[in-house]
Amino acid sequence: MERDKIIIYTPDRFLQIGFLNQWREMFLSLFLSRELIWRLFLRDFSAKYKQTLFGVLWAVLNPIIVVGVFVFLNKSGILNIGETTVPYSVYALIGISIYSLFSTGLSVTANSIIGAGSMVVKINFPKISLVISSFGQALVEFAIRIVLFAVVFVIFGVTPKWTMVLLPLAIIPIILFTLGIGFFLSLLTGIFRDTPHITSLFTSFLLFLTPALYPPPKSGVFVILNAWNPLSHLIMGCRDTILVGGISNVSGFLWSSIFAIILFFASWRIFYLAETRIAERI
Amino acid sequence: MSENIVIKVDDVSKKYSRGLRHVMLYGMQDIGKNMLGLSSNPEILRDGEFWAVKDVSFEVKKGETLGIIGPNGSGKSTMLKMLNGIFMPDKGKIEIKGRVGALIEVGAGFHPMLTGRENIYVNGAILGMGKKEIDKKFDEIVEFADIGDFIDLPVKHYSSGMYVRLGFSVAVHSEPDILLIDEVLAVGDYAFQAKCFDRINYLKGRGTLIIIVSHDMNKIAQYSDNVIMLHEGKISKRGDTMEVISFFRIFMGKQYIKTSRVNSADFVGRFGSGDAEIVDAVLLDENGQPADVVYAGNRYIFNVSIVFHKDVDNPIVGFILNSSSKIRLYNTHSFSRGKKLGFFNKGQRIEVSYKFEANLLRGVYSLTPAISYSDGFNFYDCRNNLITFHIVDNGYAEGLVDLKANIAVKSDQKYEEF
């Protein structure tokens, strides 16, 4: 019974409970807050599209515009993007949707804690639920875009490979990667309010350094850049499951996934250790 | 921790940073160290930090209600946040047995676009209630909030009263073992407040331990078994409810005098020919000691020293007592008593003492000493509101005048007088 459990608050309490117990607490806290995460997610989702003119269509409007610009630039010869196995628009659309999972994911998670307002300093609840539930918005957005893919495939007469059904699995590493950075950013935003702005500048910039809107370069400095960018491998891997039928660069995808997993757990631990400090400084 | 004790606060301290720069700088340092699994050395007070709570210890037993009072900035809310687990102490230890709930932030998690119904689930989840629990209590919650059909409208259409009633209703239906209440009770109309207090009483009856922080002494007196008073982060008094509240009242009275300087030009003024001069005036208690706080019902002496600069024949001496709202409460002088004072030489000095009983209730008052010509119309010297003082009473009544009423209730079975 709850009644028998004694809670003890001391300075640096986690240092006293030991490494293993810290992890136990982290998992327990996450498990117990699963319903809260769902509720917060539902709340944000229903609120987001209520009383808007275009509703869920907003999720698809953004990539269509960006892709539209690049298609135009490609066709008119201003940019030379290179050869793609499918019509460029399709290729770019898939690429940018996967990248958005990362960039939107970072943006919403970075804001998740300060966005909750005075709740954070007045009520005691697992703050990790805020970060995870806010990430849900990015996932939903991605899911809506997959529906858009279907429409586009039909228009351009492209048939996706059967491996597309593995997409939900393939995006797991990129989700972990994004959350990993997101946990840390949400804390940082508590101290430096401009963190989300800096982040979005950074992700806008990174979009052009990552082969999302263009196929991976075969020569030049970008090759090296690409090889060492975990995001590149994760995005290309996901795109491959849709278009190629298997992952082209398995080793790249593998080490990037392992990196993502480590990043996720390290960041989660940091979040847990610094959680209460943030409530003091917000 | 022994069986009966549910909350044990042991030598707890908490520090805050002054100034935004320090908040950010120390924030980074502390978080950085914590992230690496190192201690941030919280016991050390760095430059620009101060103790918001210092060396506080107390215990609360099962079913007890503890009141925490104190002037603004004394550390009450900080202490409550530590009990709630939002802040960690920087020194000491807090042990809590059972689930903690709080009536602090009403309507937490409410989204303006969602309906009241939907928000009940969100708020409930944040407060730790599962879906099953909310489903079970849903009708009760809706009824308690008493907002009618608005329950199905988005919350942004609610008046602030409805918002609070709904939020409060959800919070009050979570049934924690320990309930922390912070000043949120000053909301809603009288009927709603009564409902809330009924509910709190119900929880109290079920053995819920309650900690209440408030500036409303009536509420504190009504619900607390014990009270602690905080001042500048430390406990200045603890113990029986009425004792601590009394101590607090006197303390606040002294604070008020220190901080309120009655300086407005029209309130203090002096006029007169100056042929006789009021050179000094002081308020003393019965024992001749200067009184800075006046207790209702006690006897005091208003001593006025007058020096004659010319020969004066049959002056009239008297004083006026004014309330802070400038109502003339009392005015008496030697003439109204039919007394002629006689002749005074130039250079003579006299002491006039007005001995009175302070049958007034709490508030700020002022004394105006005066000496006038025998015609009672022209003044030698009149010093308006020369002395200001504060009266402290026992809280039995409100108003200006202390009638010292006793109340007796008689029935067939018994007779009580109090």
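Residues numbered from 1 in each chain as written. Chains lettered and ligands numbered in written order. Predicted model: local features only at pLDDT ≥ 70, side-chain atom pairs only at ≥ 80, totals over all residues. Heavy atoms only, no water.

Colleague: Is there a simple way to explain the overall build of chain A in this structure?
Modeller: Looking only at helices and strands, one finds 13 helices and one strand in chain A. The order of α-helices and β-strands along chain A, N terminus first, is β-α-α-α-α-α-α-α-α-α-α-α-α-α. Each of the three principal axes of chain A carries a C-alpha extent, and together these read 70 × 45 × 35 Å. Going through the 282 residues of chain A one by one, you find that 51% of them count as buried. Taking as baseline every contact in chain A between residues at least 6 positions apart, the subset at least 24 positions apart corresponds to 76%. (Helix = DSSP H or I, 4+ residues; strand = E, 2+ residues; numbered from the N terminus. Buried < 20%, exposed > 50% of the residue type's maximum accessible area, 1.4 Å probe, protein only. Contact = heavy atoms within 4.5 Å.)

Colleague: Teacher, can you tell me more about empty space enclosed by the protein here?
Modeller: It is a probe the size of a water molecule, rolled over the atoms, that shows where empty space is left. Overall, the coordinates contain four cavities of 30 Å³ or more when judged by the stated rule. Volume-wise, the largest cavity comes out at about 80 Å³. What lines the largest cavity is simply Pro11, Asp12, Phe14, Leu273, Thr276, Arg277 and Glu280 of chain A together with Asn34, Pro42, Met88, Pro89 and Asp90 of chain B. Broken down by element, the lining of the largest cavity gets its largest block of residues, four residues, from helix 13 (residues 250–281) of chain A. (1 Å grid on protein atoms, 1.4 Å probe; cavity = no way out; pocket = protein on both sides within 12 Å on 5 of 7 lines; lining within 4 Å. Points joined across faces, edges and corners; volume = space filled by probe spheres on them.)

Colleague: I would appreciate a short explanation of the interface of chain B and chain A in the present structure.
Modeller: One frequently used descriptor of interface size is the decrease in accessible area upon assembly of the parts. Contact with chain B, which involves 56 residues of that partner, is made by 43 residues of chain A. When chain B packs against chain A, close to 4600 Å² is buried across both sides, 63% of that on carbon and sulfur atoms. Of all residues in chain B, the largest losses of buried area upon contact with chain A belong to Met35, Ile86 and Met88 of chain B, amounting jointly to 14% of the total for that side. Joining chain B to chain A, the criterion identifies zero salt bridges. The interface formed by chain B and chain A holds six residue pairs in polar contact (both at pLDDT 80 or more) in total. If you list the elements that add at least two residues to the side of chain B that touches chain A, you get strand 1 (5–17), helix 1 (20–35), helix 2 (76–84), strand 4 (91–97) and helix 3 (116–126) of chain B. Tallying contributions element by element places helix 1 of chain B first for the side of chain B that touches chain A, with ten residues. Within the side of chain B that touches chain A, the residues separate by chemical class into 26 nonpolar, 14 polar and 16 charged. The sheet contact formed by strand 1 (residues 6–9) of chain A and strand 4 of chain B spans four bridges and is antiparallel. (Buried area = accessible area lost by both parts, 1.4 Å probe. Salt bridge = Lys/Arg side-chain N within 4 Å of Asp/Glu carboxyl O. Polar contact = N/O pair within 3.5 Å; in protein donor to acceptor, adjacent residues only side chain to side chain. Nonpolar A, V, L, I, M, F, W, Y, C, P; charged D, E, K, R; others polar. Pairing = 2+ DSSP bridges.)

Any functional reading would require information beyond the geometric quantities listed.
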